[in-house]
Amino acid sequence: MSTQTELVIYWIRRDFRLTDNPALSEAINFAKANNLQILPIFILDGGLLDDNNWNIGRGRRYALSQIVGNFSKHFASFSVLVGSPQEIFKKISKDRVIHVFTNEDIEPYSIQRDTEVKNIVEKNKGSFHSFKDQLTVSTQTRTGSGNIYSVFSPFRKAVLEEFMNVKSYEKVQIDHSFILSKPEGLELIKDLGFEHIDYARFDELQDKIFAAIDKPNTLYLDQGKHKLNIDELVEYQYSPTELDNEWYFSEEECLAEFEAFVDDKLLKYKEKRDSLELDTYNRGQTSKISLGLKWGLVSARTLKDLIVNKYGTKISSNQNIFHFISELIWREFYRYVLYHNPEVLNQEYQEKFQNSITWVEDQEALERFKKWCQGKTGYKVVDAAMNQLNKSGWMHNRSRMIVASILTKNLGVDWRWGQDYFRLMLVDLEEASNNGGWQWGASTGADQKPIRIFNPYLQQEKYDKKGAYLQQWLPQNYNWELKPIVEHTKARDEAKARYGLDKNSSERDY
Ligand SMILES: Cc1cc2nc3c(=O)[nH]c(=O)nc-3n(C[C@H](O)[C@H](O)[C@H](O)COP(=O)(O)OP(=O)(O)OC[C@H]3O[C@@H](n4cnc5c(N)ncnc54)[C@H](O)[C@@H]3O)c2cc1C
């Protein structure tokens, strides 16, 4: 073995898995070919953990600590560093040549960070290898006239074949002789919070990480103009035990969850996926795979492989399977949209709505927003949905659509505030899907549709006819007589005015 003056670094970000992990597979190949050792590292990025407006909520912090701890068990040694990645790589590469292997991240902050790290590493004679991962299809996909797609159906048509034929990497077998077991000569990174652990201590690592990152649950709105302490605002919130009962935090458990879905539920997916009532038992009728995809416990490619292995490649002949694959392609679509339009995180996608919607003025908006967060709007289906989010860190897709429409249309609150709250609370947060969902709810996003105003009573009647979802999520002391913050017909007229629609125009309620 060579000395540690030259090292391979496998930089884990959102790819906590052995199956279909391009960066890990290639890091091992490179280390073997060059007789080098690998140091697997995970960086708790200070910039994301500081008390700022990109704060991540307690549920996701807890999930992260469990996931890192579980994944670390695969390696003889595993390093968790806290701080700015740029600074950390500057220090590590100061006295040695490093070859960094990592899976590509396509969010704006990450693209910028990776460009900077690449420059640092290459300046010090090392190399930086980034592998396509989170977006399965090509970012270069274009319409026939060479434009970037802005509508989902033609995008799906263009990428479906590519998505179905994409190849996955084999499951990695870790050869421990290539994993750096004693970080000799790396004392300098101890100062940065270096952790060197063995199998017996991995639980301790989980506790340590959680303690290190369990910061105040603060929500920042309007780039910090308003600051809300969520622990004071929201009475019923999830606890680590509830999250443990509800969620999986390892690749093995995640795959088991998905395989059970493919066996038992996939063939009824299209007809049952929208029902809130059916979401109340037997872990619902959707896959609950969003947390696994968010952290890379599984890749979209592997999900596709598991489906094809069981049901074959002719997905268009089965509407349920086709619909599920289409949902995975919605995820691709929103990532593609964000990749090409990073400004959408703060700005309406459709130009005609940029700075043209007059939201309710701040103080009134804050009052309405707080009630929405607390599940006290008086619209029962909204209140149940917000309690589902607050108690479990997850919300059914139909509910996400309802609460987004009600916050923006009925309550007249800026969609960015809703996006911020979801960012803090969701355990499955994906910036691109969250933004796509919020802009869809506010009718300002890509895949332009007529402005839809959801009627919470119709939605409840259609998707939770017997009230099972309300029974499950409304707290015992819920005031069933609570009047809505804004009566729906009035809210509807106000929304029309806000969007520049004629009061007498004939849009129907959804
Ligand atoms: C306002 C709003 C915010 C949202 N925020 C997020 C988010 O932060 N993270 C997230 O993963 N999804 C988000 N979604 C999309 C969707 O609600 C979730 O992906 C879905 O509820 C996750 O549950 P599931 O895994 O059981 O979904 P399934 O129905 O089993 O779908 C399988 C997978 O397909 C993808 N998918 C399904 N529906 C959508 C969709 N509408 N848009 C994009 N991808 C989709 C997801 O990766 C999902 O895990 C949001 C939707 C809305 C309306």
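For every chain, the first residue of its written sequence is number 1, and the numbers climb from 1 along that sequence. At least 70 in pLDDT is required for a residue's local features to be given in this predicted model, at least 80 for side-chain atom pairs to be given and counted, and no such filter applies to totals for whole chains, interfaces and linings, which use all residues. Only hydrogens and water are removed before side-chain values are computed, so all heavy atoms of the structure are retained for them.

Q: Can you walk me through the overall build of the protein chain in this structure?
A: Strands are runs of DSSP state E lasting at least two residues, helices are runs of H or I lasting at least four, and both sets are numbered from the N terminus onward. Along the backbone of the protein chain there are 23 helices and seven strands. For 510 residues, the compact-globule formula gives about 24 Å, and the C-alpha radius of gyration of the protein chain, at 24 Å, lands near that figure. For the protein chain, the C-alpha atoms occupy an extent of roughly 75 × 50 × 45 Å along the three principal directions. For every residue, the accessible area (1.4 Å probe, protein chains only) is compared with the maximum for its type, and the residue is labelled buried under 20%, exposed over 50%, or partly exposed between those bounds. Of all 510 residues assigned to the protein chain, the portion counted as buried reaches 58%. Here a residue-residue contact requires only that any non-hydrogen atoms of the pair lie within 4.5 Å. Considering only residue pairs separated by 6 or more positions, the protein chain has 81% of its internal contacts joining residues 24 or more positions apart. Only the protein chains shown count as cover for residues, and the accessible areas themselves come from Shrake-Rupley with a 1.4 Å probe. A total of about 21300 Å² of accessible surface is found on the protein chain, and carbon and sulfur atoms cover 48% of it. Radius of gyration: over C-alpha atoms. The globule rule applied is 2.2 Å multiplied by the number of residues raised to the 0.38 power.

Q: Before we go on, may I ask you to explain the nonpolar core in this structure?
A: In summary, soluble globular proteins display a tendency toward joint burial of nonpolar side chains. For the purposes of this section, nonpolar cores are sets of buried Ala, Val, Leu, Ile, Met, Phe, Trp, Tyr and Cys residues that join through side-chain atoms within 4.5 Å. If you look at the biggest cluster of nonpolar residues, it comprises 135 residues, and the most contacted ones within it are Phe16, Phe369, Trp372 and Tyr421. With twelve residues, the single largest contributor to this core is helix H15 (residues 319-340). Among residues more than four places away in sequence, those in contact with tyrosine 421 are Leu219, Ile230, Val234, Phe369, Trp372, Cys373, Met386, Leu389 and Asn390. Core analysis: the second largest hydrophobic core is formed by 16 residues, Trp11, Ile88, Phe89 and Phe128 among them.

Q: Where do I start with the side chain of histidine 226 in this structure?
A: For histidine 226, the position within the fold is in strand E7 (residues 226-229). Given a relative accessible area of 11%, histidine 226 falls into the buried group. The residues touching histidine 226, leaving out its near neighbours within four places in the chain, are Leu219, Tyr220, Leu221, Asp362, Leu366 and Trp417.

Q: Explanation requested: the packing of aromatic side chains in the structure shown.
A: Geometry of an aromatic ring pair is reported as the spacing of the ring centres plus the angle between the planes. For this analysis, a ring pair means two rings from Phe, Tyr or Trp (six-membered ring only for Trp) whose centres lie within 6.5 Å, classed as stacked if their planes differ by under 30 degrees, edge-to-face if by over 60, and tilted for the remaining angles. A complete count under the given rule lists 33 aromatic pairs for this structure. Geometrically, the ring pair formed by tryptophan 330 and phenylalanine 333 is edge-to-face, given 5.8 Å between the ring centres and 80° between the ring planes. Taken together, the positions of tryptophan 330 and phenylalanine 333, both in helix H15 and three residues apart, correspond to about one turn of that helix. Of the two residues, tryptophan 330 and phenylalanine 333, neither departs from the other in class, the shared state being buried. Of the aromatic side chains, those joined through ring pairs into one cluster are Tyr149, Phe152, Phe155, Trp330, Phe333, Tyr334 and Tyr336. Our definition puts a charge over a ring when NZ of Lys or CZ of Arg is within 6 Å of the ring centre and also within 35 degrees of the ring normal. The ring of tryptophan 247 carries arginine 283 above its face, with NZ or CZ at 5.9 Å from the centroid.

Q: Even after reading the chapter, I still don't get the site of the ligand, so can you show me in this structure?
A: Among the 27 residues in the neighbourhood of the ligand, the closest are listed as Tyr269, Thr286, Ser287, Lys288 and Asn397. Here a polar contact is taken to be a pair of N or O atoms separated by no more than 3.5 Å, where protein atoms must pair a possible hydrogen donor with a possible acceptor and residues adjacent in sequence count only if both atoms sit in side chains. Here an oxygen atom of the ligand sits 2.7 Å away from a polar atom, N or O, in the main chain of lysine 288. Glutamate 430 is positioned such that a nitrogen or oxygen atom in its backbone is 3.0 Å from an oxygen atom of the ligand. Protein chains shield 96% of the accessible area of the ligand, which is 820 Å² for the free molecule. Of all the secondary structure elements, the ones that give two or more residues to the shell around the ligand are helix H13 (290-295), H15, helix H18 (397-410) and helix H20 (431-441). Under this grouping Gly is polar, as are all residues other than the nonpolar Ala, Val, Leu, Ile, Met, Phe, Trp, Tyr, Cys and Pro and the charged Asp, Glu, Lys and Arg. In terms of residue class, the shell around the ligand is built from 14 nonpolar, seven polar and six charged. By convention in these notes, a residue is near a molecule or strand provided one of its non-hydrogen atoms lies within 4 Å of it.

Q: Help me understand the pattern of salt bridges, please; the structure alone is not making it clear to me.
A: Pairs can form between side chains of opposite charge once their charged atoms are near each other. Basic side-chain nitrogens of Lys or Arg form a salt bridge, by our definition, when they fall within 4 Å of a carboxyl oxygen of Asp or Glu. This model, assessed by the stated rule, comprises 31 salt bridges. For arginine 273, the salt bridge goes to glutamate 327, with nearest N and O atoms at 3.0 Å. Here the residue arginine 273 occupies a position in the loop between helix H12 (269-272) and H13, and glutamate 327 occupies one in helix H15, the gap between them amounting to 54 residues. Its relative accessible area of 13% is what places arginine 273 among the buried residues. The salt bridge partner of lysine 465 is glutamate 461, with a shortest N-O separation of 2.8 Å. Here the salt bridges do not stand alone but share partners, grouping Arg14, Glu107, Arg331, Arg335 and Glu430 into one network.

Q: Got a minute to help me understand helix H23 (residues 488-498) in this structure?
A: Because an α-helix packs 3.6 residues into every turn, residues spaced three or four apart end up facing the same way. Considered for burial, the residues of H23 that qualify are His488, Ala491, Arg492, Ala495, Lys496 and Arg498. Around the axis of H23, the buried residues are gathered within 160° of arc, so they sit on the same side. Where H23 is buried, its residues contact H18 and helix H21 (456-463). Positive phi shows up at glycine 500, right after H23, with a value of about 75°. Taken from the helix axis, the directions to the C-beta atoms give the arc we talk about.

Q: Can you walk me through the packing of H15 against H20 in this structure?
A: Between two packed helices, the angle of one axis relative to the other and the distance separating the axes together describe the packing. Fitted lines through C-alpha atoms give the axes, limited to the stretch in contact for helices. The angle between two N-to-C directions lies from 0 to 180 degrees. It is the contact of H15 with H20, at a shortest axis distance of 8 Å, that shows an interaxial angle of 90°. As far as their axial angle goes, H20 and H15 are roughly perpendicular. The segment H15 lies against H20, with Arg331, Tyr334, Arg335 and Leu338 engaging Glu431, Ala432, Ser433, Gly436, Gly437 and Trp440. Looking at side-chain class alone, the contact of H15 with H20 contains four nonpolar, three polar and three charged residues. Angles below 35 degrees are treated as roughly parallel, those above 145 as roughly antiparallel, those between 65 and 115 as roughly perpendicular, and all remaining angles as oblique.

Q: Just checking my understanding: could you explain unusual backbone geometry for this structure?
A: Negative phi is the rule for most residues except glycine; trans is the rule for most peptide bonds. If you check the backbone angles, asparagine 35 has positive phi at about 55° while not being a glycine. Following the sequence through the fold, asparagine 35 ends up in the loop between helix H1 (22-34) and strand E2 (38-45). Phi at asparagine 282 is positive, roughly 55°, even though this residue is not glycine. On the secondary structure map, asparagine 282 appears in the loop between H12 and H13.

Q: Whenever I open this one, the environment of tyrosine 109 confuses me. Can you help?
A: Mapped onto the fold, tyrosine 109 is located in helix H5 (residues 108-123). For tyrosine 109, a relative accessible area of 39% corresponds to the partly exposed category. The spacing of tyrosine 109 and glycine 57 is 52 residues in sequence and 18 Å in space, taken between C-alpha atoms.

Any functional reading would require information beyond the geometric quantities listed.
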